[in-house]
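Architecture and fold: a report
The lines below spell out each chain.
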Amino acid sequence: MIPSLQLHQPVVSTYTVPTDAPEADGTLSWDTTTVVIAEVTAGDATGSGWTYGPAAVGDLLREELGPVVMGLDAFDIPAAHDALCRAIRNAGRPGVAACAISALDIALWDLKARLLELPLVRLLGAAREAVPVYGSGGFTTYHDTHLAAQLNGWVHGQQIPRVKIKIGEAWGRAADRDLSRVRTAREVIGAEAELYVDANGGYTRKQAIRVGHALAEHGVGWYEEPVSSDDLTGLRLVRDALLCDVAAGEYGYDLPYFARMIAAGAVDCLQIDATRCGGITEFLRAAALAQSHGLEISAHCAPHAHAAVAAAVPNLRHIEWFHDHVRIESMFFDGALDPTGGVIRPDGGVGHGLTLRTEEVEEYRVA
């Protein structure tokens, strides 16, 4: 019989990392990325989890949510997750609170696997040995030379056969440049690689359809957030008008969000982000919900946080090998994965297999 082990107060650290070049998508620009890391201990093991968001996520973890899990059994993750969700009732779950719960939930799963001395994928149970990835970046701020270099690195360097670029520049007011960049991308990657685009909700409904017809000429098979992900009717209209797959879901902060999106028939592939939706616990629930409606899912960003759980999901299409987060996770952790060949294999070490380089990243710490 496995003895009960009580959770200690989580340790929370917040880091802000400058981007390696100015970045923007259709509706936002940025030059730094903030990562909040939660570490939780029970017995002689420590698990870590993280999310990307404002520093306020770390404040909420330290002041409100950390004390909630103190003393709970490290093996009873559903009980801890439920307690966290109840604790933020008056604060509201979407946004900061959901990101905080997500980081702590990921840490709890990592801790449990380490206590059992198992790789996290073995604890969850694998549906596949290798997890497909797609290269993601292609920011609207990139000039054509920079864009070509990034795409070349993925497709011809690392042999990743699927890539995504940002379009919808300036809230859809630069559609001609969007299409020019898509043409450039297709020329760089060749005819065989899959080409995806992400408008980040930058277009209006009919504009998105017009652009979608032009994208088809370049073999674009994935059209992410052609309109706002809050516009479920608009997503459905675009989906019905085009042959390519429409995808959305990255802003899902709870299970009812995904239920509404699925019920609206808004997407062909549901995106889920474990660092936003409530961690691994809620990721698995959302994936099962999608499977019950015949949908595949794709993991949004934070690839190392998704590697093990993605391998455990039967209806997974792929995970996003997002430039910003790959760079940060490779800087911050020992044990980063290699996507060469277009797949990663999350079976190394115990837990999620990553170890925080605390001293090496101290220069980026802000809290």
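Residues numbered from 1 in each chain as written. Predicted model: local features only at pLDDT ≥ 70, side-chain atom pairs only at ≥ 80, totals over all residues. Heavy atoms only, no water.

Side note on the side chain of Arg186
As for its placement among the helices and strands, Arg186 is situated in helix 7 (residues 175-189). It is Glu192 that comes nearest to the buried, bridge-free Arg186 among opposite-charge side chains, at 8.2 Å. Those residues in contact with Arg186, other than ones at most four positions away along the chain, are Ala191, Ala193, Leu195, His218 and Gly219. (Helix = DSSP H or I, 4+ residues; strand = E, 2+ residues; numbered from the N terminus. Buried < 20%, exposed > 50% of the residue type's maximum accessible area, 1.4 Å probe, protein only. Lys, Arg positive; Asp, Glu negative; His and termini not counted. Salt bridge = Lys/Arg side-chain N within 4 Å of Asp/Glu carboxyl O. Contact = heavy atoms within 4.5 Å.)

A closer look at the side chain of Asp254
Here Asp254 lies in the loop between strand 8 (245-248) and helix 10 (255-263). Buried and unpaired, Asp254 has Arg260 as its nearest opposite-charge partner, separated by 4.7 Å. A distance of 3.1 Å separates a polar atom in the side chain of Asp254 from the backbone nitrogen of Tyr257. Contact partners of Asp254, with chain neighbours within four places excluded, come to Arg93, Cys277 and Glu282. (Polar contact = N/O pair within 3.5 Å; in protein donor to acceptor, adjacent residues only side chain to side chain.)

Remarks on the packing of aromatic side chains
Note on aromatic pairs: each is described by the distance of the centres and the angle between the planes. Counted according to the given criterion, the structure contains 10 aromatic pairs. Between the aromatic rings of Tyr15 and Phe332, the centroid separation amounts to 5.0 Å while the plane-to-plane angle is 85°, which identifies the pairing as edge-to-face. Here the residue Tyr15 occupies a position in strand 1 (residues 11-24), and Phe332 occupies one in helix 13 (residues 323-332), the gap between them amounting to 317 residues. The exposure class assigned to Tyr15 is buried, which follows from its relative accessible area of 1%. For Phe332, a relative accessible area of 1% corresponds to the buried category. Through a chain of ring-to-ring contacts, the aromatic side chains of Trp30, Phe139, Tyr142 and Phe322 assemble into a single cluster. (Phe/Tyr/Trp six-rings, centres within 6.5 Å; stacked < 30°, edge-to-face > 60°.)

Examining the nonpolar core
Among the nonpolar cores identified, the biggest contains 123 residues, and Leu61, Tyr223 and Phe332 are the most heavily contacted of them. When residues of this core are assigned to their parent elements, the largest contribution, 14 residues, is made by helix 3 (residues 96-115). Counting 5 residues, the second-largest nonpolar core is a separate cluster that includes Tyr134, Tyr196, Trp222 and Ala247. (Core = buried A, V, L, I, M, F, W, Y, C linked by side-chain atoms within 4.5 Å.)

A few points about the pairing of strand 2 (residues 29-42)
The two faces of the sheet receive side chains in turn, since in a regular strand these alternate between them. Summarising the sheet, strand 1 and strand 2 pair through 10 bridges and their orientation is antiparallel. Among the inter-strand pairings, Pro18 is bridged to a residue of strand 2, identified as Thr32. Following strand 1, the chain reverses through 4 residues before pairing antiparallel with strand 2. Here strand 2 pairs with strand 3 (residues 45-52) via 8 bridges, running antiparallel. Within strand 3, the residue paired with Val35 across the bridge is Tyr52. From the end of strand 2 to the start of strand 3, which pair antiparallel, there are 2 residues, and Gly43 there has a positive phi angle of about 60°. (Pairing = 2+ DSSP bridges.)

What to know about the pattern of salt bridges
A full pass over the atoms with the stated rule returns 19 salt bridges. As a salt-bridge pair, Asp198 and Lys164 come within 3.8 Å of each other at their nearest N and O atoms. Placement of Asp198 in strand 6 (residues 194-198) and of Lys164 in strand 5 (residues 162-166) is noted, with a sequence separation of 34 residues between them. Given the relative accessible area of 1%, Asp198 is considered buried. For Lys164, a relative accessible area of 1% puts it in the buried group. A salt bridge links Arg285 to Glu282, with the shortest nitrogen-to-oxygen separation between them at 2.9 Å. With Arg285 and Glu282 both in helix 11 (residues 279-292) and 3 residues apart, the pair spans about one turn of that helix. Glu282 sits in the buried class, given a relative accessible area of 5%. It is possible to trace a salt-bridge network through shared partners that takes in Lys164, Lys166, Asp198, Glu224 and Glu320.

Quick notes on helix 5 (residues 144-157)
Compared with the 20 Å implied by 1.5 Å per residue over 14 residues, the 18 Å span of helix 5 between its first and last C-alpha is a close match. Within helix 5, the full set of buried residues consists of Leu147, Ala148, Gln150, Leu151, Trp154 and Val155. Contacts made by the buried residues of helix 5 are with strand 4 (131-136), strand 5, helix 7, strand 11 (316-322) and helix 13. Of the residues one or two after helix 5, Gln159 is the one with positive phi, at around 60°. (Expected span 1.5 Å × (residues − 1).)

Digging into the pairing of strand 9 (residues 269-272)
Burial along strand 9 is two-sided: Cys269 and Gln271 and Leu270 and Ile272, pointing in opposite directions, are all buried. With respect to chirality, the unit in which strand 8 leads through helix 10 into the neighbouring parallel strand 9 is right-handed. Pairing of strand 9 with strand 10 (residues 296-299), which is carried by 4 bridges, proceeds in the parallel orientation. What sits directly across from Cys269, in strand 10, is Glu296. Traced from strand 9 through helix 11 to strand 10, the parallel crossover comes out right-handed. (Right-handed = clockwise from strand over helix to strand, strands pointing away.)

Section: the packing of helix 5 against helix 7
Two numbers describe how helix 5 lies on helix 7: the axes approach to 9 Å, and their chain directions differ by 40°. As helix 5 packs across helix 7, the resulting crossing turns out to be right-handed. Mapping the contact onto sequence places Asp144, Leu147, Ala148, Leu151, Asn152, Val155 and His156 in helix 5 and Arg181, Thr184, Ala185, Val188 and Ile189 in helix 7. Residues of the contact of helix 5 with helix 7, tallied by class, amount to 7 nonpolar, 3 polar and 2 charged. (Axes fitted to C-alpha atoms, helices over the stretch in contact; angles between N-to-C directions. Left-handed = near helix turned anticlockwise from the far one by under 90°. Nonpolar A, V, L, I, M, F, W, Y, C, P; charged D, E, K, R; others polar.)

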